[in-house]
Each structure stands twice: as structure tokens, then as C-alpha cells.
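Structural features, examined
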Amino acid sequence: MSSPKSLLPTTTAAAVCIFFAFSFSFLLTSSVAFYLPGTYPRTYRRGDPLAAKANSMTSLATELPFSYYSLPFLCRPPPAPAPPPSPSASSSSATASTRRGDDYFIFNHLKFTVRVHGDADDGDRMTTTLIPGTGDVAVEQLIPRNATDEEEEEEFMVVGFEVAPCSVRHDRKLAERLDMYDEYPAPIECDARSPGMRVAAGERVAFTYDVEFVGSAVRWPSRWDAYLRSEGGAERVHWLSILGSLAVVAMLAAVAVAIMLRTVRRDLARYEALDAAAEAKDDELSGWKLVAGDAFRPPSCPLLLCVLVGEGVQILGMAAATIFFAALGFMSPAARGALISGMLLFFLVLGTAGGYAAARLWKTLNSGDPAGWPAVSWRVACAFPGLASFVLVVLNCLLSASHSTGALPSSLLTFLLFTWFCISVPLTLVGGFFGAKAPHVEFPTPTNQIPREVPMRRYPPWLLVLAAGALPFATLFVELLFIFSSLWMGRVYYVFGFLLLVLGLFVVVCAEVALVLTYVHLCAEDWRWWWKAFFAPGSVAVYVLVYAVKYLVFDLKSLSGPVSAALYLGYSLLMVLAVMLAAGTVGFVSSFWFVHYLFSSVKID
């Protein structure tokens, strides 16, 4: 038998040396991790080995995942074959250490509660303290073996488990008489609120664990229900948010209906009456009819507008498709990585829609001439994906330099670049080809050769555009809290049905805001509505950015280090840009058809 000193170079020659990576670190911070769910059910009999694998450590102070055995003080067990996946569901929040005054305490004991469902489960409770496995196998022989043959034949499924850390000062003399894998003979009181193992220089630390088995009536197909079920308070918050959004939608809809049914019809009747009486003169008219000869004058930077609209169509379609299938249950948190994989798949495929929208808009702005559509489609294929890839590569380099397991391997980066250039780019060009072949939208009024002078305003027009973004943000505010908590606090986001409803309300509000603002500017004889229609709802990105900064300052106060801040800000900026493109596209498309309808409904001399 090896000497304890060789097995435990930095611990006492005692107790069970197990380091189960449920966010257990010596960074003196809080950590969060998730169990790796299996994809098929597996049964156990009494006496069978029960294996659990370590994932990685993630601290709320850094948001950087690290390999569990990268910590220098951990004692690594001998290697063992990789265990098969276990069919269970759990999440665990474990604190590596805590601080009281100037003292630091390490949590060196883990209390496992394993919930099993058997054929004849009656909810009995079993408790045992057991010997750990080796390598990635954290626990072996967890199902106690009884004497009767009938009980040995009974099969169990693991349907969940919980892990609670605590700080325990073990009996030094007792621990020194034990080797690795020996059972600790004394009972251990696990109370996370009363840490006992103070960290001191040169002092060795013993790490132990105990296991408690609890019979559960939960069956294997329902093992995730406890984590996907909305709590009463959270559900009420979602419903209140949706009711508030509905109120905003109703208010804007009333304004839009008033514009369409009352103001516009009144203006149309007045203009037609003046035309019939031959009394219509420019000095007698006011309002949007005066800009009929300039309403469809091509905007400044038309190529950029086409590219942004194409990107917005692609991003909005990706978001809608992903949330829709997630709400149907195809992208459950139980399927690890399904959500991000679905997002990438939809984004690649919907490059066709983005290229089509951009090329057709380009052709419309050029009065039916499609020349230059390949350049437009190419920019759509490279603009947002290129920026996202650049940010991803920079952040990946920072993670690699920090020796974080969150860094993507070069093979995966190469695969992502391959899918971009070999799938997304060709599909975008195909969409652009069909968009160039599609008929362009005919403008109902001709454009004057000389632009009409825009009257001076009492306030900057962009001030109203910036203020308009507050209404779409009101529909997103509550959901942003849950989304940010899922991304940065390690919580499971499961209310995709609510999110789908909020997305629909968000689209409606963006369209209504753009429509009302466009009509207000046209009535003020300001024919430069193109970019205002895009940025009126798109300015919601400013509010999302402010919220992201607020979340960083007040909710992630423990976040430290330039790499962690760069990781947070990099991903937040990409989210802000995506929201701006999606919202701006909704606003532009709705305003375009509104202006087209408005000027096609009146006779222009």
C-alpha cells in the first residue's frame, strides 16, 4: 500500500480524497455547475457502481470555467476508465470558501443526496458513507447491497441528486491513521452556515464526503420537471410583465388606429375635396401630402441600409425559430448544447432570407435595376457573422491565455469558419440571386428632381427617435433579468413559452412605434423617414446596453479581472447589436409598407 504522503501531497494522510467538480474551487468565491445529463435511461441494482463525472469549475467572480484538477492543491486519484452517462438531473450551487473578517474557511466536505426510483419504491430513506472511485468516477458502490435475492433483483433509476458543501475540521489524529479510499469512522456534521476549516499557511486539509439515498416517486421521464417547473413568484412576474406589455401594445395600437382611421382618412378626404374643387395650392396645404414628391427619394447610404435590413431579417428569423422550437420542447435544458446548436443552424439556413430581403430592397431603391446585388449579398453574409467571429476569436484567445476550459479548441473554430464560408455564404448569395430576380416594389409617386427643403424643428429629430426605444424596452425588461441570470448566474432558463409571447409583443410594439413616428415626421414635412424608421425601434439597443452595464455594476459586483470583464462586455455588445438589427428591421419594413399605402391612397397631381 502506498504511503499516505505519496498519495496526498497536500492533504492529511486521512479520509476520503474526492474532488467532485460541482464548482468546488479555492478561488475564495461562489461557484456553480451542472450535472451532465444522459440521453437514455439506465437502471441499477443494489451493489452496482454508480458513476458521476466532473464537468468544470465556474466562479461568479471570474465567469471563466476551469478544469477541476487544474487547482494546484487537489490530489488526483489514479486513472480509471470513463464511466457511462448516468440518467439523472441536478444542479448544484457550491461555495468553495467563505470569509469572515480576516479569516478564510475552505469547504472540504460534500454531502450527496441521491434520489432513486425503484419498481416498488416506497420512499424509504437510506444513508451511508462510502469509498470514492477513481479518476473521473466520483462515487462507486453507492447502491447498498442487501442480503435477500429479491431486493438484489430490484432495479433503480437515478432521478436526481443534490450536493451541499460544508467546512469541517476533521480529527487530525484520526485522519492520519487512514489511507486514501478509507471510510471515515466518525460522524460528520455538515452545516454550511458554520464553517470550521480555517485556511492557514502550511496546514494540511482532509477532503471527505458522505452519501444519502432517498427513495423518490419521480419517474425517469419526469426527472427534469423539478427544475423546469416555474415557481409561483417567478410565474407571476412573467404574467405581470406580459400584462404591462399588452398595455403598451394597446396604447400604441389605439394611436395607430386613430392615425389610420381618423387622421389619414380625414386628410385624404380633405385633399380629394381640394383637388376636385381645383383649390389645392401649396400655400393652402400642410402635412404629409406636400412631401409626396420626396417620400420615396432614396436614403443616404442605401447599401448600408440594405445590409442592415438583411442582417435583421436573418437574426429575427433565427430568434423566432429557436424560441418557437424551444417552447415546443425540442431544445430542453436536458439536451445539453441543443439551444446554441439550434441557433447556429437556423442562422446558417436563414442566410437565404437575409440575402433575399437585402437584394430585393436594393433593387427597389434602384428603381428596378438589380446591378450590384452580389456585393450586397456578400456584405450581408460577412457583416454580422464577421464581427461575431472576430469577437469570438479575441475572447477565445483571452480564455486560452487564462488556461480556461471555456476556450474553444482550434478544430471547433475551424469547423465554425467552414460552416460560415461553405454553408452560410453560399445560401446568402442564393437568396440574393432570387431577390434580384424578384419584382421590385413600384413607388406610387414619382420623385422630384430637386429635394424639398425640410422645415426647422424646435427640437432635434433624433431626440424623438432615441426616446422611442423606451417602449420596446418596456416589453423586454423583465425577461432580460431572467436571460442575464441564466447566462451569468448559472440558472436554468425554461420559460420559452413566455419568451415566445414576449417576442411577439416586442415585434408588434416595434412596428407600432415606427409607424407612429414615421407619420409624425411626414406630417412635419420631413421626408427623410428611412433611417428614422429603422433607428426608432432600433434605439432599444441603447437601453439594453445601459441595462447590461447596470447588471455588471450592481448584480455582478464580485466579477473581477480584465478577462472576465472583456468576456461579459464582448457577449453583451453582440447581443445589443443583434437586438438593434432585429428591432430596426421590423420598424423599417412596417414603415415602408405604411408609407407606400399612404401615398398610394391619394391622387397626386
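Because the structure is predicted, anything quoted here is derived from the model rather than measured.

**A few points about the overall build of the protein**
A tally of helices and strands in the protein yields 16 helices and 11 strands. A buried classification covers 48% of the 605 residues belonging to the protein. Accessible surface, the protein as shown: approximately 28,600 Å² in total, 64% of it carbon and sulfur.

**A short note on helix H6 (residues 302-327)**
Counted at 1.5 Å a residue, the expected span for H6 with its 26 residues is 38 Å, and the 37 Å between its end C-alpha atoms agrees. Taken from the residues just after H6, Gly329 is the one with a positive phi, measuring 95 degrees.

**Quick notes on the packing of aromatic side chains**
For the coordinates displayed, the defined rule picks out 33 aromatic pairs. Summarising the aromatic geometry, the rings of Tyr519 and Phe594 are spaced 6.2 Å apart at their centres and angled 70 degrees between planes, so their arrangement reads as edge-to-face. Of this pair, Tyr519 sits in helix H13 (residues 496-523) while Phe594 sits in helix H16 (residues 562-600); the two residues are 75 residues apart in sequence, bridging distant segments of the chain. Taking the relative accessible area as the measure of exposure, Tyr519 reaches 5% and is therefore buried. Ring plane angle 80 degrees and centroid distance 5.2 Å describe the contact between Phe534 and Phe535, whose orientation is recorded as edge-to-face. Clustering of aromatic rings is evident, with ring pairs tying together Phe473, Phe477, Phe484, Trp488, Tyr543, Tyr547, Tyr551, Tyr568 and Tyr571.

**Side note on the packing of helix H14 (residues 530-538) against H16**
A pair of packed helices is characterised by two quantities: the angle between their axes and the separation of those axes. Contact geometry of H14 with H16 gives a least axis separation of 7 Å together with a crossing angle of 135 degrees. Of the possible angle classes, the one that applies to H14 and H16 is oblique. For H14 against H16, the interelement crossing comes out right-handed. In this structure, H14 contributes Trp530, Ala533, Phe534, Phe535, Pro537 and Gly538 to the contact, and H16 contributes Met580, Leu581, Ala583, Gly584, Thr585, Gly587, Phe588, Ser591 and Phe592. For the contact of H14 with H16, the per-class residue count stands at 10 nonpolar, five polar and no charged.

**A word on helix H7 (residues 338-349)**
For H7, spanning 12 residues, the distance from its first C-alpha to its last is 16 Å, which sits close to the expected 16 Å at 1.5 Å a residue. Of all the positions in H7, only Ala338, Gly342, Phe346, Phe347 and Leu348 are classed as buried. Each element contacted by the buried residues of H7 is listed here: H6, helix H8 (351-365), helix H9 (373-401) and helix H10 (410-437).

**Regarding the packing of H6 against H16**
At a minimum axis distance of 8 Å, the contact between H6 and H16 shows a crossing angle of 105 degrees. With respect to H16, the axis of H6 lies roughly perpendicular. On the side of H6, the interface is formed by Leu305, Leu308, Val309, Glu311, Gly312, Val313, Ile315 and Leu316, while H16 contributes Ala578, Leu581, Ala582, Thr585, Val586 and Phe588. Partitioned by chemical class, the residues of the contact of H6 with H16 number 11 nonpolar, two polar and one charged.

**Re the environment of Ala371**
Within the secondary structure, Ala371 sits in the loop between H8 and H9. Accessibility expressed as a relative area gives 46% for Ala371, which makes it partly exposed. For the pair formed by Ala371 and Ala436, sequence separation is 65 residues and the distance between their alpha carbons is 8.4 Å. Sequence-distant contacts of Ala371, that is, excluding residues within four places in its chain, are made with Trp362 and Asn366.

**Topic: the pattern of salt bridges**
Inspection of the entire model under this criterion finds eight salt bridges. Of the charged contacts, one joins Arg297 and Asp294 as a salt bridge, the two residues approaching to 2.6 Å between their closest N and O atoms. On the accessibility criterion, Arg297 (13% relative accessible area) is buried. For Asp294, a relative accessible area of 1% corresponds to the buried category. The shortest N-O distance in the salt bridge between Arg452 and Glu525 comes to 3.5 Å. Of this pair, Arg452 sits in the loop between H10 and helix H11 (461-468) while Glu525 sits in the loop between H13 and H14; the two residues are 73 residues apart in sequence, bridging distant segments of the chain. Each of Asp526, Arg528 and Lys532 takes part in a single network of salt bridges with overlapping partners.

**Observations regarding the nonpolar core**
For soluble globular proteins, nonpolar side chains are generally found buried alongside one another. Ranked by internal contacts, the top residues of the largest apolar core, which has 96 residues, are Tyr568, Phe588 and Phe599. Excluding residues that lie within four positions of it along the chain, Phe599 makes contacts with Trp288, Val291, Ala292, Ala295, Phe296, Pro444, Thr445 and Leu522. Counting residues in each nonpolar core, the second largest holds 13 residues, with Leu50, Leu110, Val158 and Tyr209 among its members.

Rules and cut-offs
- Residues numbered from 1 in each chain as written.
- Predicted model: local features only at pLDDT ≥ 70, side-chain atom pairs only at ≥ 80, totals over all residues.
- Heavy atoms only, no water.
- Helix = DSSP H or I, 4+ residues; strand = E, 2+ residues; numbered from the N terminus.
- Buried < 20%, exposed > 50% of the residue type's maximum accessible area, 1.4 Å probe, protein only.
- Areas by Shrake-Rupley, 256 points an atom, 1.4 Å probe, with all protein chains shown as cover.
- Expected span 1.5 Å × (residues − 1).
- Phe/Tyr/Trp six-rings, centres within 6.5 Å; stacked < 30°, edge-to-face > 60°.
- Axes fitted to C-alpha atoms, helices over the stretch in contact; angles between N-to-C directions.
- Parallel < 35°, antiparallel > 145°, perpendicular 65-115°, else oblique.
- Left-handed = near helix turned anticlockwise from the far one by under 90°.
- Contact = heavy atoms within 4.5 Å.
- Nonpolar A, V, L, I, M, F, W, Y, C, P; charged D, E, K, R; others polar.
- Salt bridge = Lys/Arg side-chain N within 4 Å of Asp/Glu carboxyl O.
- Core = buried A, V, L, I, M, F, W, Y, C linked by side-chain atoms within 4.5 Å.

All quantities given are derived from atomic positions and should not be read as evidence of function.
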